[in-house]
Amino acid sequence: MLAKIIMIFSFYIGIVLTKPIELRIVTKVEPPFVEIDEDITGNSSIKLKGFCIDLLELIVEKYPDINYTIHFVKDGGYGNLVNGKWNGMVGELMRDEADMILAGLTITSLRQQYILFTKPFMNADLGIVMKSAEKEISWYGYLKVFDLHVWLLLMISLIAFSVFVWLVADIESESSPMMDCVMNTISVMATQGPVISPKNIAGKIMCTFLWLFSLMVVTYFTAKLTANFTTQSLESRPGSIEELLKYPKYSFGTTNNGAVYSVFKHSQYNAFEKLYNVMSNSAISPFVNSTKNGINRVRESTKYVFISESPFLLTHVLKKPCNLDMIVSPQSPTTGGGYGLAFKKEDSFIREMFSQRIIELHENGQLSVIRHRWWEDRNECPKSDANLELDQQPISLLQTAGVFIILCVGVGLGLFTKIIEIMTRFLVPYFKKKSVVVTKIEYPMLFNLLTLFSFIIKTVITKPIELKVVTKVEPPFVEIDEDITSNSSIRHKGFCIDLLDLIVRKYPNINYTIHLVNDGGYGNLVNGQWNGMMGELLRDEADMILAGLTITSLRQQYVLFTKPFMNANLGFVMKSTQKEISWFGYLYVFDLNVWILLVLSLVAFSTIVYMVSDIDCEGSPILDCVMNAISVMTTQGPVIHPKNFAGKILCAFFWMFSLMFVTYFTAKLTANFTTLNLESRPNSIEDLLKYPKYLFGTTNNGAVYSAFAHSQYNAFEALYNIMYNSPISPFVNSTENGINRARENSNYAFISETPFLLPHVLRKPCDLDMIISPQSPTSGGGFGFAFRKDDIAVREIFSQRIVELHETGQLSAIRHRWWEDRNECPKFNANIILDPQPISLLQTAGVFIIILVGMILGLFAKIDYIMPFMILMIAFFYLRSSEVTALELRIVTKIEPPFVEFDGDSTNNSALKLKGFCIDLLELIVEKHPDIKYTFHLVNDGFYGMLVNGTWNGMMGELLRGEADMVLAGFTITSLRKQYVLFTKSFMNVNLGFVIKSVQNEISWFDYMNVFDFNVWVLLMISLISFSVSVWLVSDIENENCSIMDCIMNTISALVSKGSVVNPKNFAGKILCTFFSAFSLVIVTYFTAKVTANFTTKNLHSRPNSIEDLLKYPEYSFGTGINGAVYSTFAQSQYDAFETIYNIMDNSAISPFVNSTENGINRARENSKYAFISETPYLLPYVYKKPCDLDMVISTRSPKTGGGFGFAFNRENISIEQLFSLRIVELHETGQLSMIRHRWWEDRNQCLKSNGNELSGNHPISLFQTAGVFVILFVGMGVGLFVKIVEIMRRRLFPHFKERFLGVTK
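Every residue gets a number counted from 1 within its own chain, in the order that chain's sequence is written. With the structure being a predicted model, the display of local features is reserved for residues of pLDDT at least 70 and the display and counting of side-chain atom pairs for 80 or more, all residues being used for whole-chain, interface and lining totals. Hydrogens and water are ignored here; the side-chain numbers use all heavy atoms of the structure.

**Let's talk about the overall build of the protein**
- A run of H or I in DSSP counts as a helix once it spans at least four residues, and a run of E counts as a strand once it spans at least two, with each numbered from the N terminus. Helix and strand counts for the protein stand at 41 helices and 39 strands.
- Counting every position in the protein, which comprises 1306 residues, the buried fraction comes to 49%.
- Carbon together with sulfur atoms contributes 58% to the accessible area of the protein, which is approximately 65000 Å² in total. Burial classes follow relative accessibility: with a 1.4 Å probe on protein chains only, a residue under 20% of its type's maximum area counts as buried, one over 50% as exposed, and anything between as partly exposed. Note that accessible areas follow from Shrake-Rupley with a 1.4 Å probe, and for residues the cover is restricted to the protein chains shown.

Pasting the structure below:
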């Protein structure tokens, strides 16, 4: 630090006393870092722009005596060492042809040996780009809906049913009765209505159950096919650079010079070595000369992947034609330490000055501003930020044009055929005798350096070192390589063995022997004695412990640990979920109220039809009306055909009702299939407390057990108490026993360190899920090797070697070898696969039961000639977790729940009773120092503290005026406040966020009308009328009295899948009807699929997901508190987005600022388009309170208000501040701060929500949602009754009036 200060001071003297500095800058065109602004021929007058140019101007504007000229590098390269000489910009700098490099130049260790780099102005990960995936289309995708067993059983069932109908039903047939029965079954299954009409009760019962069966099968088929369409664009693609090895269909490459090429060529990371070998041995070279060439190659080939640094790739991804996908690979090795500006070794003064300025630009946000300017603000491919925008718009006319073409072609062919028929009749009369019968077609320094030096001298000069190494078999850390009886010849393998070999390979004077620990334990302190490997090390039976030994504070008091070779979080495993299969899943579609109303509606409709319609019936008319209602509801067409106009209107409305109802049924069942595999399960260790059905445990010795037994973290205490007091002990002796227990019991979760769990999860039978809990306390400081206290020299050399292996990537390589490369359970890394399996036999068993029951009842009715009354209703209910002298501190505070709250009502200030997070924290601090006394009083003006006209108000003002000794509140640490007062260490870090009112799903009675836009509805009406007229003109219809009204009824019936009312005899009419059937099938499919998509995406809303995003939503107004740190952040920010937001707020006609957080929350509740911005700990208590109508968005990437929350003191109270700071650090380490935070936030949550796996759209359809469907039915019944009354009146008043056009006879 002293050296840096001297350098900067000397640089200042230099620029003040000496002549101006002239810098010759070399650069390279690489948008958006450096771009040519204009095409100019003279090199001296080249005008450039770009991120690096803006950065350079921001740096030198502070130092006007710095002048510069820019020229381009001659060979166009960044700089590589080739045959001992540097080329590119680094070469020009080394040859003194330039003084500085201005570019996105990667800071690498090799380059740092020759030149100086500034602090990095940008960090960068490697990434890949590939061409956006295109949807695959399969001709026979519909066959994948059911598995083979279901298709076979379906065929057998249909044949069997046809035989039963032939045996049981009394039917009349002009040709083959058996063939008619088969044709009837196929027609019903294709929702075209029955071909035969059995006269007896037995046949009618069997047909009723066939209709129900066919409805379920077709609904399952449609729902599953729609779910497959919903998820068909999800393609398995590489999710990281390493994963490219798993996809042999992809070729991949990079530039043939620069940092990325060097990383692959010189890497010791196994995956990168393999990738380089594949690239260098490729028949067609995958290397390119520039990033631009790489991008062009990707655009030309869907199977080529280009690898580079993500900032270079992002530029192209954000440009049209918007056909590239970028995957950033943050876990992969990087090319270096980010991007920096480069100088010669003798220019260290200038380098330090540039570095200092870069840090300033980081702090004031100006670097973020210019980064946005050159990347995000030039985005030509805008996409929604967080919400998946699924097509919620109505289907447009263009989308349905192809459907209407079917109809037009049909009408044209029909008319053409009619003309042919007429010509045939007149010109070739004898063709009638030879006519062809047309049938249907189904188409972590010095001391360390001294010890290290002494050890190296020892290893070179003295005799070899012999290490007795103790270990324990725990795959994959240590495994037995061979089964040998003598202990001296035991051979081992594993991660720790490979790591030991890599360490001692550099020091050949180190020899070692390995033996296994006697008692099999790692090491616990029991009655003052250490057992396990720790015991052997302390008893001098071993010199070193080689194992995955957790570094804990207790063990560190007795032994020395190396630097950790692996970090580990706690996690748990449980048995993978198995899909719940219900035979009668279709009954969960509607709630009980809807089912009841449906039955009542069918009964009412049947009764009114019986009363109103003039029908001819040979048996029971009321039974035929009931049969008719069931037939229509199951899309099998009507059984009865009313002759009068009233009955026809009644039936037309009922057909529309049934179409809507079946569509709702199909759409909801599809949505359930789409979300079938999503289950709510614990996603952290703490979450186990929310799932009482799960038993959980760990090993009964070791670091994990100690973490729970001695934790002061509230959740871990509760978990330990549950485990300790469980009647069935959840503890096990080893990890393997815990894994076996989890496999045997699907409701048992085994907790351990994740590296011990992962080998079992990656092994067959692949029936375990592992949940990593990164936010939970850990069992220690990772895994390390252990030595006795007197072996510090050996420990240091091992630690140094471990650090080297970390840097070279060799540790990653051996970790991959012993974990990932042994994975027997490969899964897709990035794609969500939503239930791609076919529907199994068990899932459809309930549907087949319907037809089985129907056949049995039909036989029974045939034998006994009785008519059983069958109404079977099954209802499923959902049942709605250090000493100082005595001190008197005058503490000023402010009521702001949950930091500080009133504990009780009191009139005098001395009796002020308070509670809250800050009060609990204060008590934990002073309980260690009982001589500290304090009194509270509330701030007079209610403010935190702002500097207004040179005077501080609020709590800051009282503290500075000597009216208080300490501020106790959620008080933001800002640079301005720190100039006046002392702050403790931060007790809480915070982000900015905002709250908005939760979105309420709009429920409309007539949601189905939003499926098509207005143009489609109009064209549909015109098409139906035109088709009806065409049929009337063209078709030879059996009924001579068939009117145009009958043709319109026929069109409506066919469109709603109820079969035909009229049957044309001639070929023209049949062609016309065939094309209309295809048209109606496609239009109904469009309708069903769109309703399904709307149900599936009903809860997805596009809303702002960061503070910056508020600018994209003009319909939202936004505001914050009129005082405090948040207001100052916006008012004084140099961040472009925050400046814009502040200007909008400041210039708003209705002030968006409020006096308190509570007022801001109330305003958000009253106005669904108002967003209140504040620090998230202040917002969260309101989000957790009823009425649970607020959503909070945390903006993690936005600038923060300061350095978190701290307590404030006068500057003369430095000793008290240090005491408080020390105690806060202790409370952080012990977990007690986490505990009280949970007490005042999470434990008071009144709005418990699912963890993220439960989709809110998985509830049954409510009665309100289906009200519009029932309206169709009720309107139909009303209109039918009205027309019937009119008919009666007409007959009596006008007995001789005939309406043949409407088809109404006497």
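**Let's talk about the sheet that holds strand β12 (residues 324-328)**
- For two strands to be treated as a pair, DSSP must find no fewer than two bridges joining them. An order of β10-β11-β9-β12 is seen for the four strands of this open sheet, with the pairing classed as mixed. Two strands in the sheet have a free side with no partner beyond their single neighbour: β10 (251-253) and β12. Averaged over all adjacent pairs, the angle separating strand axes in this sheet is 25°, with direction ignored.
- In terms of strand pairing, strand β9 (residues 126-131) meets strand β11 (residues 304-309) through four bridges, oriented antiparallel. Within the sheet, the bridge partner assigned to Val129 lies in β11 and is Phe306.
- Docked against the sheet, helix α10 (residues 291-300) engages β9, β11 and β12, running at close to 155° with respect to β11. Here an axis means a line fitted to C-alpha atoms, over the contact stretch when the element is a helix, while the angle between two N-to-C directions is reported on a 0 to 180 degree scale. What makes two residues a contact is simply this: any of their non-hydrogen atoms within 4.5 Å.

**Some points on the state of the cysteines**
- The disulfide criterion is simple: two cysteine sulfur atoms within 2.5 Å. The final tally for this structure, using the stated rule, is three disulfides.
- When the cysteines of the protein that form disulfides are numbered from the N-terminus onward, they connect as 1-2, 3-4, 5-6.

**Focus: the sheet that holds strand β17 (residues 510-516)**
- Overall, mixed pairing links the five strands, which are arranged β17-β14-β20-β26-β21 in an open sheet. Of all strands in the sheet, those bounded by a partner on one side alone are β17 and β21 (560-561).
- With four bridges joining them, strand β20 (residues 544-550) and strand β26 (residues 783-787) adopt antiparallel strand pairing. The partner of Met544 across the bridge, within β26, is Phe787.

**Digging into the pairing of strand β13 (residues 339-343)**
- Of all five residues in β13, five are buried, a share of seventy percent or more.
- With four bridges connecting them, strand β7 (residues 100-106) and β13 associate as antiparallel partners. When the bridges of β13 are listed, Ile101 appears paired with Ala342.

**Overview of the confidence of the model for the protein**
- The predictor's confidence in any single residue is recorded as pLDDT, a number from 0 to 100. Taken over all residues, the pLDDT of the protein has a mean of 75, while the share at 70 or more is 68%.
- In the model, residues 1298-1306 has pLDDT below 50 throughout and makes 20 contacts with residues more than four positions away in sequence or in other chains.

**Section: the pairing of β11**
- By the criterion of burial, β11 is predominantly enclosed, with six of the six residues buried.
- Of the pairings in the sheet, the one linking β10 to β11 comprises three bridges and is parallel in character. Directly across from Ser251, in β11, lies its bridge partner Tyr304.

**Details of the nonpolar core**
- Residues Phe899, Phe917, Phe987, Phe1207 and Phe1220 are the most contacted members of the largest nonpolar core, which totals 51 residues.
- With eight residues, helix α29 (residues 917-926) is the largest single contributor of residues to this core.
- With near-sequence residues (within four places) excluded, Phe917 lies in contact with Pro898, Phe899, Phe987, Met988, Leu1233, Ile1236, Arg1237, Trp1240 and Trp1241.
- Among the nonpolar cores identified, the runner-up in size contains 49 residues, and Trp530, Leu537, Leu546 and Phe787 belong to it. For this analysis, a nonpolar core means a set of buried residues of the types Ala, Val, Leu, Ile, Met, Phe, Trp, Tyr and Cys, connected via side-chain atoms within 4.5 Å.

**A few points about the pattern of salt bridges**
- In what follows, salt bridge is the name for a side-chain nitrogen of Lys or Arg lying within 4 Å of a carboxyl oxygen of Asp or Glu. This structure, assessed with the given rule, holds 31 salt bridges.
- Put simply, Asp498 and Arg817 hold a salt bridge, and the shortest N to O gap is 2.7 Å. You can see Asp498 sitting in helix α16 (residues 495-504) and its partner Arg817 sitting in helix α27 (residues 810-818), a full 319 residues away along the chain.
- Note on Asp498: relative accessible area 17%, which makes it buried.
- Look at Arg817 and you get partly exposed, because its relative accessible area is 40%.
- Where Arg1244 meets Glu901, a salt bridge forms, and the shortest distance between an N and an O atom there is 2.8 Å. Of this pair, Arg1244 sits in the loop between α40 (1232-1240) and α41 (1267-1293) while Glu901 sits in strand β28 (residues 901-902), and the two are 343 residues apart along the sequence.
- By relative accessible area, Glu901 is classed as buried at 10%.
- Taken together, the salt bridges that share partners define one network made up of Arg24, Asp96, Asp99, Lys344 and Asp347.

**As for the packing of aromatic side chains**
- Stacked, edge-to-face and tilted are the three classes for Phe, Tyr and Trp ring pairs, Trp counted by its six-membered ring, which pair at centre distances within 6.5 Å; planes under 30 degrees apart are stacked, over 60 edge-to-face, the rest tilted. In the structure shown here, the tally under the stated rule is 49 aromatic pairs.
- Considering the side-chain rings of Phe477 and Phe783, the 5.5 Å spacing of their centres and the 85° angle between planes classify their relative orientation as edge-to-face. Note that Phe477 is positioned in the loop between β14 (465-471) and β15 (479-480) and Phe783 in strand β26, a separation of 306 residues in sequence. Phe783 carries the same exposure label as Phe477, and that label is buried.

**Examining the side chain of Arg977**
- In this structure, Arg977 sits in helix α31 (residues 975-978).
- Here Arg977 occupies a buried position and makes no salt bridge, while the nearest side chain of opposite charge, Glu1175, is found at 6.9 Å. By the counting rule applied here, Lys and Arg register as positive and Asp and Glu as negative, while His and the ends of each chain are not counted.

**Focus: helix α2 (residues 51-60)**
- Summarising burial for α2: nine of the ten residues are buried, a large majority.
- Regarding α2, the residues found buried are Phe51, Cys52, Ile53, Asp54, Leu55, Leu56, Leu58, Ile59 and Val60.

**Remarks on helix α36 (residues 1136-1146)**
- Along α36, the positions that sit buried rather than exposed are Ala1137, Phe1138, Ile1141, Tyr1142 and Met1145. Projected down its long axis, α36 shows its buried positions confined to an angular sector of 130°, all on one face.
- Against the buried residues of α36 lie β35 (992-997), β36 (1117-1119) and α35 (1125-1132). What the arc describes is the spread of directions from the helix axis to the C-beta atoms.

**Things to note about the packing of helix α37 (residues 1157-1166) against helix α38 (residues 1176-1183)**
- Here α37 crosses α38 at 50°, and the two axes come no closer than 11 Å. With respect to α38, the axis of α37 lies oblique. Crossing geometry of α37 relative to α38 is assigned as right-handed. Contact residues: α37 offers Thr1157, Glu1158, Ile1161 and Arg1165, while α38 offers Tyr1178, Leu1179 and Tyr1182.
- Residues are grouped as follows: nonpolar covers Ala, Val, Leu, Ile, Met, Phe, Trp, Tyr, Cys and Pro; charged covers Asp, Glu, Lys and Arg; every other residue, Gly included, is treated as polar. Residues that form the contact of α37 with α38 fall into these classes: four nonpolar, one polar and two charged. To sort the angles, those under 35 degrees are grouped as roughly parallel, those over 145 as roughly antiparallel, those from 65 to 115 as roughly perpendicular, and the leftovers as oblique. By convention the crossing between two helices is left-handed if the near helix lies anticlockwise of the far one by an angle smaller than a right angle, and right-handed if it lies clockwise.

**Focus on a nonpolar patch on the surface**
- To count toward a patch, a residue needs a relative accessible area above 30% and no salt bridge. Like charges then connect within 9 Å, nonpolar side chains (Val, Leu, Ile, Met, Phe, Trp, Tyr) within 5 Å. A cluster of nonpolar side chains, Ile159, Val163, Trp166 and Leu167, forms an exposed patch at the surface whose accessible area comes to about 390 Å².
- Within the secondary structure, Ile159 sits in helix α5 (residues 148-168).

**What about the side chain of Glu1217?**
- Following the sequence through the fold, Glu1217 ends up in helix α39 (residues 1214-1230).
- Glu1217 sits in the buried class, given a relative accessible area of 11%.
- Contacts of Glu1217, omitting those with residues within four sequence positions, involve Leu982, Phe983, Thr984 and Phe1209.

**Some remarks on the packing of α29 against α40**
- Here α29 crosses α40 at 150°, and the two axes come no closer than 10 Å. The angle between α29 and α40 falls in the class roughly antiparallel. By crossing handedness, the relation of α29 to α40 is classed as right-handed. Taken together, the residues of α40 that come into contact with α29 (itself represented by Phe917, Asp920, Leu921 and Leu924) are Gln1232, Leu1233, Ile1236, Arg1237, Arg1239 and Trp1240.
- Tallied by class, the residues present in the contact of α29 with α40 amount to six nonpolar, one polar and three charged.

**Things to note about unusual backbone geometry**
- Of note, the amide linkage connecting Lys320 to Pro321 takes the cis form, showing an omega dihedral of 15°.
- For Pro321, the location among the structural elements is in the loop between α11 (310-317) and β12.
- Here the bond from Pro475 into Pro476 is cis, since omega is 0°, no more than 30 degrees from zero.
- Mapped onto the secondary structure, Pro476 falls in the loop between β14 and β15.
- Not every positive phi belongs to a glycine, and Cys766 is a case in point at roughly 55°.
- As for its position among the elements, Cys766 is in the loop between α25 (754-761) and β25 (768-772).
- A positive phi angle, near 55°, is found at Asn949, a position not held by glycine.

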